[in-house]
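Structural overview
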Amino acid sequence: MQAQLVLLPGDGIGPEVAAEARKVLAAVAALYGHQFAFEEKIMGGIAIDELGDPLPDGTLAACREADAVLLGAVGGPKWDDPTAKTRPEAGLLTLRSELGLFANLRPVKANRNLLGASPLRSDLVDGVDILFFRELTGGIYFGPSGVSDDGREAYSTMVYSVEEIERIVRLAAEAARGRSGRLTSVDKANVLEVSRLWRRVAARVMQEEFPDVAYDVVLADAMAMHLLARPRDFDVVVTGNMFGDLLTDEASMLPGSLGLLPSASLGDPGPGLYEPIHGSAPDIAGKGIANPLAMILATAMALRHSLNLAAEAAAVESAVDAVLDDGLRTVDIAAGRPHVTTGVMGDAVAAALA
Ligand code: IPM
Ligand code: MG
């Protein structure tokens, strides 16, 4: 097949991990006879420096035309000035909303080879396999907000409509059907009106359209606790933008290696956005030691969800497993043992594909 891929390397270690993702995709294309055209665009801090805008028009336009968008990372201390007119993260929020990427999929899967890297006991995290569906274009991130004239009061509002709740719950429930058939919805319905609507709508969708999927609800604060105490009890989890932001950062610690977690943001219709969960890690940028596996696994999600290439996606995931089985480690997961560079890790995954 032919596909148009936009690459947004971004800031910090973004360009380093994006280069490895491109390498692996080129290997996939050669092996399976596909034509992937890559277009690189600036976004984030680098785009603020060059054009004064974290998401320049040319970048957004290219993304709209793409089959899939791959993002390295954005942000860094250089752009952290609270008085600045804009921030790299603002570009990401605009991109999500402009492309209508309402569903953020964050799989959190423990890798047997790396259980020791988790801050939690191995017996608790062994076998963890959770797929989060975080609503991404609504809620408190995008509700009415403002600050009073005297600057002594500010507000941000959590708003959800019936339609917004229905579409994310449907996607999550469909995914649950394809996995173990269990879905958990997380809200704060004991306090928030918006959560009470979320709970009513989710329950109706599940009852009417997914009677075959086992469904339960958990309060967000309790979920924060259960994720540490009994993470294996969860399969597919659906929640709003803010709770999803918090809970997926928490959950990312279960496998112990942030460098291994990809994420996909999907809209309907339009291209998906694929990125590692980790940030731009400015402290290690430019050293060639970043772990490219999360970015590589994000490309696997792109192959599966945007290009409909499930076999190729599975091949990339198996190749990552194979290099880890072989004992290859970047420094973040080496636990003091010998480690390889970003480039060697990318080469190894590409080679393991064949
Ligand atoms: C994430 C990040 C973003 C968010 C930031 C960078 C805007 O934390 O993708 O989870 O809050 O959504
Ligand atoms: Mg976050």
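Figured I'd write up the structure that's included with this text. Computed from a predicted structure; not experimentally measured. Residue numbering note: each chain is counted from 1, following its sequence as written. Labels follow written order: the first chain is A, the first ligand is 1, and so on. Per-residue local features are limited, in this predicted model, to residues with pLDDT of at least 70; the limit for side-chain atom pairs, both in listing and counting, is 80 or more; totals at the level of whole chains, interfaces and linings are taken over all residues. The basis for the side-chain values is all heavy atoms of the structure; hydrogens and waters are excluded.

1. Some thoughts on the nonpolar core
Each nonpolar core is a collection of buried residues, namely Ala, Val, Leu, Ile, Met, Phe, Trp, Tyr and Cys, held together in the definition by side-chain atoms within 4.5 Å. Each residue is placed in one exposure class: buried if its accessible area under a 1.4 Å probe, protein chains only, is under 20% of its type's maximum, exposed if it is over 50%, and partly exposed if it falls in between. Core analysis: the biggest nonpolar cluster contains 67 residues, and F36, F133, L183, Y274 and L303 have the highest contact counts within it. Helix numbers and strand numbers start at the N terminus; a helix is a DSSP run of H or I with at least 4 residues, a strand a run of E with at least 2. Tallying contributions element by element places helix α10 (residues 293-305) first for this core, with nine residues. Membership of the second largest hydrophobic core comes to 18 residues, among which are V186, A220, L227 and F234.

2. Quick look at the pairing of strand β5 (residues 129-135)
Of all seven residues in β5, six are buried; the element is thus mostly enclosed. Strands were regarded as paired on the criterion that DSSP finds at least two bridges between them. As paired strands, strand β4 (residues 103-109) and β5 are joined by seven bridges and run antiparallel to one another. Bridged to V108 within β5 is I130. Of the strand pairs in this sheet, β5 and strand β10 (residues 236-239) are connected by four bridges, and their pairing is parallel. Note that in β10 the partner of F132 across the bridge is V237.

3. A short note on the packing of helix α1 (residues 14-32) against helix α12 (residues 342-353)
Only the stretch in contact is used when a helix axis is fitted, and all axes are lines through C-alpha atoms; the angle between N-to-C directions ranges over 0 to 180 degrees. Viewed as axis vectors pointing N to C, α1 and α12 meet at an angle of 15°, and their least axial separation amounts to 9 Å. As far as their axial angle goes, α12 and α1 are roughly parallel. In the packing of α1 onto α12, the handedness of the crossing is right-handed. Residues E16, E20, K23, V24, A27, V28 and L31 of α1 form the contact with α12, whose participating residues are T342, G343, G346, D347, V349, A350 and L353. Three classes are used, and their members are as follows: Ala, Val, Leu, Ile, Met, Phe, Trp, Tyr, Cys and Pro are nonpolar, Asp, Glu, Lys and Arg are charged, and the others, Gly among them, are polar. Considering only residue class, the contact of α1 with α12 consists of seven nonpolar, three polar and four charged. Oblique is the label for every angle not falling under 35 degrees (roughly parallel), over 145 degrees (roughly antiparallel), or within 65 to 115 degrees (roughly perpendicular). The handedness criterion is simple: a crossing whose near helix is rotated anticlockwise from the far helix by less than a right angle is left-handed, and one whose near helix is rotated clockwise is right-handed. Contact definition: two residues touch when any of their heavy atoms are within 4.5 Å.

4. A closer look at the environment of I42
Tracing the backbone through its elements, the reader meets I42 in the loop between β2 (35-40) and α2 (45-51). Remark: the alpha-carbon pair of I42 and L60, spanning 18 residues in sequence, is separated by 9.8 Å. In this view, I42 contacts A47, E50, L51, P56 and T59; residues no more than four positions away in its chain are not counted.

5. Things to note about the site of ligand 1
Residues in contact with ligand 1, as listed here, are E89, R96, R106, R134, Y141 and D245. Polar contact is the term for a pair of N or O atoms within 3.5 Å; when the atoms are in protein, one must be able to donate a hydrogen and the other to accept it, and sequence-neighboring residues count only if both atoms are side-chain atoms. Within the side chain of R96, a nitrogen or oxygen atom sits 2.7 Å from an oxygen atom of ligand 1. One of the side-chain N or O atoms of R134 is found 2.8 Å from an oxygen atom in ligand 1. When isolated, ligand 1 has an accessible area of 320 Å², and the protein chains bury 72% of it. For the shell around ligand 1, the class distribution of residues is one nonpolar, no polar and five charged. When at least one non-hydrogen atom of a residue lies within 4 Å of a molecule or strand, that residue is treated as near it. Method for areas: the Shrake-Rupley scheme with a 1.4 Å probe, in which residue coverage is limited to the protein chains shown.

6. A short note on the environment of L95
Along the chain, the position of L95 falls in helix α4 (residues 88-98). Remark: the alpha-carbon pair of L95 and A30, spanning 65 residues in sequence, is separated by 30 Å. Each residue touching L95, except ones within four places of it in the same chain, is listed here: L8, M43, L55, L60, C63, L101 and L273.

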